[in-house]
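The residues making up each chain are set out below.
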Amino acid sequence: MVVAAVFSITGVATASSASQSPGSTDYYLSLGDSLSVGFQPDAHGVGRPTDHGFDHDLLPGLRLVSLLHGRNLNLAELGCPSETTTTMINGGICTYPHARSQLDAAITFLTQHRGHVPLVTISIGASDVEDCGSATGIDAACLQRGLADIQTNLTTIVTALKKADPGTNTRFIGLNEYDPFLAAFLQGAAGQQLAMQSVTVVDQLNKLLAAAYGQAGFRVADVASAYRIDDFADQTTLPGHGQVPVNVANLCKLTFECDPAPVGPNIHPRDSGYLTMAGAVAAKL
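Residues numbered from 1 in each chain as written. Predicted model: local features only at pLDDT ≥ 70, side-chain atom pairs only at ≥ 80, totals over all residues. Heavy atoms only, no water.

### Observations concerning the pairing of strand β5 (residues 119-123)
Thinking step 1. Taking burial as the measure, the five residues of β5 include five buried ones, the bulk of the element.
Thinking step 2. Both faces of β5 are covered, namely the face carrying Leu119, Thr121 and Ser123 and the face carrying Val120 and Ile122.
Thinking step 3. Relative to β5, strand β1 (residues 25-32) runs parallel, the two sharing five bridges. Each residue of the ladder has a partner; that of Leu29, found in β5, is Val120. (Buried < 20%, exposed > 50% of the residue type's maximum accessible area, 1.4 Å probe, protein only. Helix = DSSP H or I, 4+ residues; strand = E, 2+ residues; numbered from the N terminus. Pairing = 2+ DSSP bridges.)

### Side note on the state of the cysteines
Thinking step 1. Following the criterion strictly, the structure yields three disulfides and no others.
Thinking step 2. The side chain of Cys80 participates in a disulfide bridge whose partner is Cys94; the two sulfur atoms lie 2.0 Å from each other. Because the torsion about its S-S bond is 90 degrees, the bridge between Cys80 and Cys94 counts as right-handed. Of this pair, Cys80 sits in the loop between β4 (72-77) and α3 (85-90) while Cys94 sits in the loop between α3 and α4 (102-112), and the two are 14 residues apart along the sequence.
Thinking step 3. Residue classification places Cys80 among the buried residues on the basis of a relative accessible area of 0%.
Thinking step 4. Residue class for Cys94 comes out partly exposed when judged on its relative accessible area of 24%.
Thinking step 5. The connectivity of the disulfides in the chain is 1-2, 3-4, 5-6, where the numbers refer to bonded cysteines in sequence order. (Disulfide = S-S within 2.5 Å.)

### Let's talk about the packing of aromatic side chains
Thinking step 1. Per the stated rule, a full pass over the model turns up five aromatic pairs.
Thinking step 2. For the pair Phe172 and Phe218, a centre-to-centre distance of 5.0 Å together with 35 degrees between the ring planes defines the contact as tilted. Here Phe172 is found in strand β8 (residues 171-175), whereas its partner Phe218 is found in the loop between α7 (189-215) and β9 (219-221), with 46 residues between them in sequence.
Thinking step 3. The class of Phe218 is buried, set by a relative accessible area of 5%.
Thinking step 4. Where Tyr213 meets Phe218, the ring centres are 5.7 Å apart and the plane angle is 20 degrees; that geometry is what we call stacked. Take Tyr213 and Phe218: they sit in the same class, and that class is buried.
Thinking step 5. One cation-aromatic arrangement involves Arg270 over Phe256; the distance from NZ or CZ to the ring centre is 4.9 Å. (Phe/Tyr/Trp six-rings, centres within 6.5 Å; stacked < 30°, edge-to-face > 60°. Lys NZ or Arg CZ within 6 Å of the ring centre and 35° of its normal.)

### Some words on α4
Thinking step 1. Turning to α4, its buried residues are Gln102, Leu103, Ala105, Ala106, Phe109 and Leu110. Mapping the buried residues of α4 onto a view down its axis gives an arc of 160 degrees, with all of them on the same face.
Thinking step 2. Buried residues belonging to α4 abut β1, β4, α3, β5 and α6 (140-164). (Arc of directions from axis to C-beta. Contact = heavy atoms within 4.5 Å.)

### Digging into the sheet that holds β9
Thinking step 1. In spatial order, the strands read β4-β1-β5-β8-β9; together these five strands make up an open sheet with parallel pairing. Because the sheet does not close on itself, it has two edges, and the strands there are β4 and β9. Going across the sheet, the axis of each strand differs from the next one's by a mean of 25 degrees, ignoring polarity.
Thinking step 2. Taken together, the six bridges between β1 and β4 define a ladder with parallel strand orientation. (Axes fitted to C-alpha atoms, helices over the stretch in contact; angles between N-to-C directions.)

### Here's the deal with the nonpolar core
Thinking step 1. Ranked by size, the top nonpolar core spans 40 residues in total, and within it Leu29, Leu31, Ile122, Leu154 and Leu161 carry the most contacts.
Thinking step 2. Listed by contribution, the elements that provide at least two residues to this core are β1, α3, α4, β5, α6 and α7.
Thinking step 3. For this core, the leading source of residues is α6, giving ten residues.
Thinking step 4. Ile122 has contacts with Leu31, Gly32, Met88, Ile157, Leu161, Ile173, Gly174, Leu175, Tyr213 and Phe218, leaving out every residue within four places of it along the chain.
Thinking step 5. Core analysis: the second largest hydrophobic core is formed by 39 residues, Tyr28, Val248, Ala249 and Ala278 among them. (Core = buried A, V, L, I, M, F, W, Y, C linked by side-chain atoms within 4.5 Å.)

### Focus: the side chain of Thr84
Thinking step 1. Position of Thr84 among the secondary structure elements: in the loop between β4 and α3.
Thinking step 2. The class for Thr84 is buried, based on a relative accessible area of 16%.
Thinking step 3. The contacts of Thr84, once residues within four sequence positions are left out, are Ile124, Ser127 and Asp128.

### Here we look at the pairing of β8
Thinking step 1. Across the five residues that make up β8, a large majority, four, are buried.
Thinking step 2. One ladder, built from four bridges, connects β5 with β8; its direction is parallel. Across the sheet, residue Thr121 finds its bridge partner in β8, namely Ile173.
Thinking step 3. Of the crossover connections in this fold, the one passing from β8 over α7 to the parallel β9 is right-handed. (Right-handed = clockwise from strand over helix to strand, strands pointing away.)

### Things to note about the packing of α6 against α7
Thinking step 1. Close contact between α6 and α7 brings their axes to 9 Å; oriented N to C, the two are set at 20 degrees. Of the possible angle classes, the one that applies to α6 and α7 is roughly parallel. The handedness of the crossing between α6 and α7 is right-handed. Contact residues: α6 offers Leu143, Gln144, Leu147, Ile150, Gln151, Leu154, Thr155 and Val158, while α7 offers Val201, Gln204, Leu205, Leu208, Leu209, Ala212 and Tyr213.
Thinking step 2. Among the residues forming the contact of α6 with α7, the class breakdown is eleven nonpolar, four polar and no charged. (Parallel < 35°, antiparallel > 145°, perpendicular 65-115°, else oblique. Left-handed = near helix turned anticlockwise from the far one by under 90°. Nonpolar A, V, L, I, M, F, W, Y, C, P; charged D, E, K, R; others polar.)

Written as structure tokens, this is what we have:
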């Protein structure tokens, strides 16, 4: 991963260093929800941010490229667990010095370090709709409200971020979503129906994310494809469950969602899951 990241971002580092003095500090700015801060449960099931997230997976390669060009690179994380697109704009969950919200803090950061932020990633939107699914099915009204919020708010967010640092040397990358509801497939016929419905919902969400990111000139890291969320056709062995679709097995292997209590069920990725997300980001560098 480190080697791949080094070679894939050399062009970014070269473009950035060409207009800046050698030895100055650059930043990789990571924004969004719990996924952006490497959130994971501990052995007691207590979740907290970690240094195992996809941004930390990318950091060694990014730093090495910067050093090769006589520059330093630091990671700046502003992400907030449980952040929605609404709270990212208005605040209310996490606090930031001299800023009412994560978006305000990000705009201030980009403005203060303009020309010194070669990479910005954002993972947001899952918390807007994650409560719309349950063991009994998908709440259509809840889903439509969540998608409407994302469509309106994400446009505001990405437009503001690009305006804060409009330089050509900054790469903006938005991540799409994997499907934690695939774990329901292991719960019998009703669960299998829910799992298949959920993929349709997440595909709809990811199309909406792609449109909003694309309109603002963001690249889209295809986490959904990296997790193979649509692949019900191919079968593989999942220990304890026998033959299951690849998408279900991948979710169980890459996240804590299929784990027993107290660690699971938890939608957040294992280290391997975050590394898979990092690969999707690196592919867009």
